[in-house]
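# Residue-level structural notes
This is what each chain is made of:
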Amino acid sequence: MKRWWMIRAGDNNELIPVWKEEGIASIGWPQLGDPKKYRSKEDMVAKADDVYAESKPNTRRSWVNQVWRFSREIKKGDRVITYFKEKREYIVGTVTESHFYDKSIGNSAYPNNIKVDWEDIPIERDLLSQAAKNSLGSVLTVFRVDEWGNEIENLIEHPFLDPEPTDEAEENEIIEDLVNKALVMVQDKVDKLDPWQMQELVGGLLQAMGYNVQVSPKGPDGGVDVLAYKDAFGFEKPIIKVQVKHRKSSAGAPEIQQLLGANPIDANCLFVSTGGFTSHAEAVAKHNSVRLVDLEKLVDLVVKWYEQMPNDIRALLPLQKMYVPE
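Here the structure is a predicted model, which is why all the values come from computation and not from measurement. (Residues numbered from 1 in each chain as written. Predicted model: local features only at pLDDT ≥ 70, side-chain atom pairs only at ≥ 80, totals over all residues. Heavy atoms only, no water.)

### Observations concerning the nonpolar core
Ranked by size, the top nonpolar core spans 33 residues in total, and within it Ile 7, Trp 19, Leu 32, Ile 74 and Ile 114 carry the most contacts. Put simply, the parts of the chain that give this core at least two residues each are β1 (4-7), α1 (16-22), β2 (24-27), α2 (41-51), α3 (57-72), β3 (79-84), β4 (89-101) and β5 (112-118). Among the elements that make up this core, the one with the highest residue count is α3 (four residues). Other than its neighbours up to four places away in sequence, Trp 19 contacts Ile 7, Arg 8, Ala 9, Ile 24, Ala 25, Ser 26, Thr 82 and Trp 118. If you look at the next biggest cluster of nonpolar residues, it comprises 28 residues, including Leu 201, Leu 206, Tyr 211 and Val 242. (Core = buried A, V, L, I, M, F, W, Y, C linked by side-chain atoms within 4.5 Å. Buried < 20%, exposed > 50% of the residue type's maximum accessible area, 1.4 Å probe, protein only. Helix = DSSP H or I, 4+ residues; strand = E, 2+ residues; numbered from the N terminus. Contact = heavy atoms within 4.5 Å.)

### Concerning the pattern of salt bridges
Two side chains that carry opposite charge are able to pair once their charged atoms sit near each other. If you walk through the whole model with that rule in mind, you get 10 salt bridges. Arg 3 serves as the salt-bridge partner of Asp 78, at 3.0 Å between the closest nitrogen and oxygen. With Asp 78 in the loop between α3 and β3 and Arg 3 in the segment before β1, the pair connects residues that are 75 residues apart, well separated along the chain. A relative accessible area of 23% means that Arg 3 is categorised as partly exposed. Two residues, Glu 119 and Arg 79, come together in a salt bridge whose shortest N-O distance is 2.7 Å. Pair noted here: Glu 119 is in the loop between β5 and β6 (123-124) and Arg 79 is in strand β3, with a separation of 40 residues, a long-range link. For Glu 119, a relative accessible area of 24% gives the class partly exposed. (Salt bridge = Lys/Arg side-chain N within 4 Å of Asp/Glu carboxyl O.)

### Overview of the packing of aromatic side chains
Under the definition given, this model contains five aromatic pairs. On the numbers, 5.9 Å between centres and 10° between planes, the contact of Trp 19 with Trp 118 is stacked. Placement of the pair is Trp 19 in helix α1 and Trp 118 in strand β5, with a sequence separation of 99 residues. By the burial criterion, Trp 19 is buried, and Trp 118 matches it. Between the aromatic rings of Tyr 52 and Trp 63, the centroid separation amounts to 5.2 Å while the plane-to-plane angle is 80°, which identifies the pairing as edge-to-face. Here Tyr 52, found in the loop between α2 and α3, pairs with Trp 63, found in helix α3; they are 11 residues apart in sequence, far enough to count as distant. Of the residues examined, Tyr 52 reaches a relative accessible area of 6% and is grouped as buried. Counting every residue linked through ring pairs, the aromatic cluster contains Trp 29, Tyr 52 and Trp 63. (Phe/Tyr/Trp six-rings, centres within 6.5 Å; stacked < 30°, edge-to-face > 60°.)

This is the structure in structure tokens:
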């Protein structure tokens, strides 16, 4: 199967004219030097940690992955596509020479080059399927798009085809998939918190819901990690007592019973377990009106109430808002 690559032409498509004129495609990160001099990706990561120290570790690693991919994986005969957003067109070409490092051609800020034979006829973005548009819309500079190769080739051969009508069910499917992927990523972030940070997160969530919260300090807690009240003194009911278990294993029935028996006895019970619950625990909880929250439910609640959470709690779990079509 022929390999297809999306390569972004600079931050604002400013490289497209020089790419077409000189028959190249290029990417930046010149501070890394010639990527071929590195024996391993980890050596390049170490260099990136030094020259891009002001950037986040995950961002640095992403940059290294893209430079490594561009310099080591793109081969002669591979197909390349780039997007010209001003014209809403994709430009397609074929790699004629794999990576070489040269600041003297093209733009010196983008010294990592491949030779490309660019085709004259572009592809209108509106002709692509919705799934292809979403996949090609990634913000990465270099990434594989093999699954859309046949669709792109068909449009090259038949550039004047009328676009197929948007399938609403397919679009909804894509949006649902996008939202689910984002939630899974948030779950992974939450899962990396330590047990004390998890208690703070649950306390911050209850604060966002309008409760006054008391989070137990480190040490023995008598079976209650968080107490939540509607009034500042804790006189007004309902009072909620919370146990938080942050671990891989499921919470069992004895732990549910421990929460029920902890003071205050007449409080409502909420049990948070990122490892889930045994079936026996679920039965005991149902019988005693204990609310159970697993990792998936916790993340759903955090996302819903995130903007009302205190700033110091949001700092434990930095998130950014994303809009999708309704």
